[in-house]
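Listed here are the chains, written in short residue letters.
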Amino acid sequence: MSRTVKFRHLIPAAIALLVIVYGVATSAVNTRENLKDARLAAHSGDVLVAIQDLLSAMQDLKTELRGFLLTGSESYLSSYESNLKRVDEQFAILSGLTKNNAFHQEILAKAKGIVADEREILSGMIEVRREEGLESSLAAFDSGRARMDEFRLLIGEMRVEELKRLGNLRGKLENTLRETNFTVSWTGIVAIAAGASGTILLYFFLVGKNREERLESEKSRAQEADQAKSDFLAMMSHEIRTPMNAILGFGEMLHDSVKSPQEKHFVDAILSSGNALLTLINDILDLSKIEAGKLDFHTENVEMVRFAENLETLFSYRASQKGLDYVIRVDPSVPEVLSFDALRLRQVLVNLIGNGIKFSREGAVRVTIQADPVDDEDRVKLHIAVEDTGVGISEDQMEAIFRPFYQVDSLNGRHFQGTGLGLSISRRLMDAMNGKIFVQSKLGVGSVFKVEIPTHLGHRSGNDRPEGEGTAHQPIEFTRLARAKIVIADDIPINRDLIKSYIGGGHHQIYEAENGEDVLNLTKTFFPDLVLMDIRITGLAGQEVLEKLRSDEATAKIPLIAVTAFPLSNREEALRNLFDSYVSKPVSRASLFAELAKFLPVETSAETSNPSPDSSTVPERRDWSELFQTLETLKNEVWPGLVKLVPAQATLKFSVNLYELSVHHRCPDLGNYATLLMKSAEMMDFQESGRLLAAFPDILTKIAQPDA
């Protein structure tokens, strides 16, 4: 049957529509008339009630007077006076209700005259009763019955007139309602017929729409639940990061100082557990930032070959350890340079490739990068597929694996390590970048995760540094900072001790404060060059201390650096607006040095500066046998302990040592590797540091075979 809608198919619908419109219009007009008549009928009812109330008031008035006349008791006169007022009130109400009715107004005028005369006579009766007694007053009372009958007759005429009017309104209302009912009935029949036809024609569309709305409702409820969970996780993460600051910092220092194997073993356990916990916290914070919409994205020009090489270097050692064939292929369709957020896309791919290697016991993990043709606006859609030969995913778990804290094997026991956050974070990152991530899998065969992300055509310039290339970093030595007086404020002593140990060496003059009042006293006494203060310090809060220092001309220009464990970027923005700068917990040597260097002069000398290895001056062939022997020694003696625990300070020392070797032997591959490792160690990114340390043997292979 043809599904093409032609003009003749619309004629019945048009006729039905006209009938419905006519019915609706007629019903609307009749309804307005009905409402008008109903209001008039209600008004007539109010008039009848007022007439009855007036008669009752007059009757009660006569009754109270009769009681006084019979008994002579003055207590009846109190009710008598109340009823006089009541009669006046009822006349006023009835006059207001019938102000537009000349007939009623004429009768009311006559009735008011009768009542006025009656009131004078009744007042006289009261005086007669008081002066002459019961018999004289009763005679006068009986003479007033004729006036009361005349009053009832007048009010009765009003009642008859109003009842007649009410009857006419009810009859009209009944006829109008009958007409409306007839019109609505026929319109309803036509509407039902049209609706039935429309239901048949639109059945499939409506079914799909209902399913979509149901899914949207379920999604909305799930998002609300996720948001509540994220708020809780963000708060708990803040509370955990503060003690982690001391655990990791002092743990690494203790690791370098203890000598006995048992003590080393204990410290190794502390560092290993601490690093695992911090990795989990960082994943939770990423998830919280994404759900709160506070994660920043920054596009940059990315050289795609180097981007792929970086990913290949990160995982090649882990893949070789498991005997997996690990390959990354960049299709010729991919432009040399694209513009996108390389950090976030790398985070997604690191999760996908890491999962592929983790869940594959044998076979291969292959990554393919392709691109659609460039459009007229230089837009390029990038397609990345990560294929593995792992355990696979059943069809009923395809969507569940993207839920936070969910793992395929979580219901049947834990066979693989991990928090279950990687895929959830990856999907949310892709959503935030207007990309897509989806999976195809077969249980026991393997999986293919596909990523689609919109990018723009990039370009190289003299100032661009392709992704994956590092810049030379000088070793972090706080003695390079000009001598300074520094106030360290924190109500937890071990946090102060950690920052002191970082700065240390006696080069700077350190003052410690454990509450807000101490900060003010020390600052106004010694006028330090800067203040490092935890914003949740006891006593005066950080913002109060800031306001008091800023209000005093003597201390207004002293830089105040906030130390915080707040994780979300909206809080970061508030800190930037209030304080001169801030550093987040756990505090790393690199982040602390970077913030201090903004306010204290940095001394640079030939002894402390590290020139970048210039690959353009390196001969095509070079004997690096001496360098290789030195690196082999480091691999055998130092590297095993690092790759097992990934301690930040020890890893930083290792990377600085490698960098110095790269400068001395003019080895650019080693220099680039050392720079990347140095960056990750300074930022306390243990996951990245661990991957780079695992790739160290590959660097040795390149140096041992310079012609390969």
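**Structural notes on the overall build of the chain**
Looking only at helices and strands, the chain has 21 helices and twelve strands in total. Evaluated residue by residue, the chain yields a buried proportion of 43% over its 708 residues. Summarising the internal contacts of the chain: among those between residues at least 6 apart in sequence, 74% fall at separations of at least 24. When the accessible surface of the chain is summed, it comes to about 37400 Å², and 54% of that surface belongs to carbon and sulfur atoms.

**What about the sheet that holds strand 10 (residues 530-534)?**
Pairing is parallel across the open sheet formed by five strands, whose spatial order is 9-8-10-11-12. Strand pairing shows two members of the sheet lacking a second neighbour, strand 9 (509-513) and strand 12 (581-584), which therefore form its edges. Adjacent strand axes in the sheet meet at a mean angle of 20°, parallel and antiparallel pairs treated alike. With four bridges joining them, strand 10 and strand 11 (residues 560-564) adopt parallel strand pairing. For Asp534, the partnering residue across the bridge sits in strand 11 and is Val563.

**Brief notes about the environment of Ile189**
Checked against the element boundaries, Ile189 lands in helix 5 (residues 145-201). You can call Ile189 partly exposed: its relative accessible area is 48%.

**A look at the packing of helix 12 (residues 516-526) against helix 13 (residues 542-551)**
The N-to-C vectors of helix 12 and helix 13 enclose an angle of 20°; their axes lie 9 Å apart at closest approach. On the basis of their axis angle, the class for helix 12 and helix 13 is roughly parallel. The way helix 12 lies across helix 13 gives a crossing that is right-handed. The residues of helix 13 that touch helix 12, namely those facing Gly516, Val519, Leu520 and Thr523, are Val545, Lys548 and Leu549. Class assignment of the residues belonging to the contact of helix 12 with helix 13 gives a composition of four nonpolar, two polar and one charged.

**Let's talk about the nonpolar core**
Proteins that are soluble and globular tend to have nonpolar side chains buried together. One finds Leu382, Leu631 and Leu658 to be the most contacted residues of the largest nonpolar core, which totals 78 residues. In this structure, Leu631 is in contact with Leu658, Leu661, Leu670, Phe696, Leu700 and Ile703, ignoring residues within four places of it in sequence. In this structure, Phe68, Val87, Val115 and Ile155 belong to the second largest nonpolar core, which totals 30 residues.

**Concerning the pattern of salt bridges**
Any two side chains of opposite charge can pair, so long as their charged atoms come close to each other. Tallying each qualifying case throughout the model produces 13 salt bridges. A salt bridge links Arg86 to Asp60; the shortest N-O distance between them is 2.6 Å. Residue Arg86 is located in helix 2 (residues 75-97), and its partner Asp60 is located in helix 1 (residues 7-71); the two are separated by 26 residues in the primary sequence. Residue Arg86 is classed as partly exposed on the basis of its relative accessible area, which comes to 27%. By relative accessible area, which is 29% here, Asp60 ends up partly exposed. Close ionic contact of Lys500 with Asp497 constitutes a salt bridge, the shortest N to O distance being 3.8 Å. In this pair, Lys500 and Asp497 are both assigned in helix 11 (residues 493-503), three residues apart and thus about one turn of the helix distant. Residue classification places Asp497 among the partly exposed positions, given a relative accessible area of 31%. One network of salt bridges, in which partners are shared, links Arg496, Asp497, Lys500 and Glu512.

**Focus on helix 8 (residues 304-321)**
With 18 residues, helix 8 should cover 26 Å at 1.5 Å per step; its first-to-last C-alpha distance of 27 Å lies within 8% of that length. When we look at burial in helix 8, the residues that qualify are Met304, Phe307, Ala308, Asn310, Leu311, Leu314, Phe315, Tyr317 and Ala319. Gly323 sits one or two positions beyond helix 8 and adopts a positive phi of about 70°.

**Some details on the packing of helix 8 against helix 9 (residues 342-359)**
Where helix 8 contacts helix 9, the axes come no closer than 11 Å and their chain directions differ by 25°. Comparing the axis directions of helix 8 and helix 9 gives the class roughly parallel. Note that helix 8 runs across helix 9; the crossing there is right-handed. Contact residues: Phe307, Asn310, Leu311, Leu314, Phe315, Arg318 and Ala319 in helix 8; Ala342, Leu345, Arg346, Leu349, Val350, Ile353, Gly354 and Ile357 in helix 9. Residue composition of the contact of helix 8 with helix 9, grouped by class: eleven nonpolar, two polar and two charged.

**Some remarks on the confidence of the model for the chain**
Averaged over every residue, the pLDDT of the chain is 76; residues scoring 70 or more account for 76%. Here residues 410-416 scores under 50 on pLDDT; set against residues more than four positions off or in separate chains, the count is ten contacts. Low pLDDT (under 50) marks residues 462-473, which in the prediction has 31 contacts with non-local residues, meaning those over four places away or in another chain.

**Details of the packing of aromatic side chains**
Scanning the model with the defined rule gives six aromatic pairs in all. Relative to Phe593, the ring of Phe478 has its centre 5.6 Å away and its plane inclined at 75°; by these criteria the two rings are edge-to-face. Residue Phe478 is found in the loop between strand 7 (446-457) and strand 8 (485-489), and its partner Phe593 is found in helix 15 (residues 589-597); the two are separated by 115 residues along the sequence. Pair check on accessibility: Phe478 and Phe593 agree, each one buried. Consider the rings of Phe654 and Phe696, whose centres lie 5.4 Å apart with planes at 75°: the pair is edge-to-face. On the criterion of sequence distance, the pair formed by Phe654 in helix 18 (residues 648-665) and Phe696 in helix 21 (residues 696-704) is long-range, its members being 42 residues apart. By the ring-pair criterion, three or more aromatic residues cluster together here, those being Phe654, Tyr673 and Phe696.

**Structural notes on helix 11**
All of the buried residues in helix 11 are Asn495, Arg496, Leu498, Ile499, Tyr502 and Ile503. The buried residues of helix 11 occupy an angular sector of 160° when the element is viewed end-on, so they sit on one face.

**Remarks on the environment of Phe599**
As for its position among the elements, Phe599 is in the loop between helix 15 and helix 16 (625-637). Residues Phe599 and Leu560, 39 residues apart in the sequence, show an inter-C-alpha distance of 10.0 Å. With residues up to four places along the chain from it excluded, the contact list for Phe599 reads Leu530, Pro559, Ile561, Asp580 and Ser581.

**Notes on unusual backbone geometry**
Positive phi values are uncommon outside glycine, yet Asn434 reaches one of about 60°. With respect to the helices, strands and loops of the structure, Asn434 is situated in the loop between helix 10 (422-432) and strand 6 (436-442). Phi angles above zero are rare outside glycine, and Phe527 is one such case at about 45°. For Phe527, the position within the fold is in the loop between helix 12 and strand 10.

Calculation notes
- Residues numbered from 1 in each chain as written.
- Predicted model: local features only at pLDDT ≥ 70, side-chain atom pairs only at ≥ 80, totals over all residues.
- Heavy atoms only, no water.
- Helix = DSSP H or I, 4+ residues; strand = E, 2+ residues; numbered from the N terminus.
- Buried < 20%, exposed > 50% of the residue type's maximum accessible area, 1.4 Å probe, protein only.
- Contact = heavy atoms within 4.5 Å.
- Areas by Shrake-Rupley, 256 points an atom, 1.4 Å probe, with all protein chains shown as cover.
- Pairing = 2+ DSSP bridges.
- Axes fitted to C-alpha atoms, helices over the stretch in contact; angles between N-to-C directions.
- Parallel < 35°, antiparallel > 145°, perpendicular 65-115°, else oblique.
- Left-handed = near helix turned anticlockwise from the far one by under 90°.
- Nonpolar A, V, L, I, M, F, W, Y, C, P; charged D, E, K, R; others polar.
- Core = buried A, V, L, I, M, F, W, Y, C linked by side-chain atoms within 4.5 Å.
- Salt bridge = Lys/Arg side-chain N within 4 Å of Asp/Glu carboxyl O.
- Expected span 1.5 Å × (residues − 1).
- pLDDT = per-residue confidence, 0-100.
- Phe/Tyr/Trp six-rings, centres within 6.5 Å; stacked < 30°, edge-to-face > 60°.
- Arc of directions from axis to C-beta.

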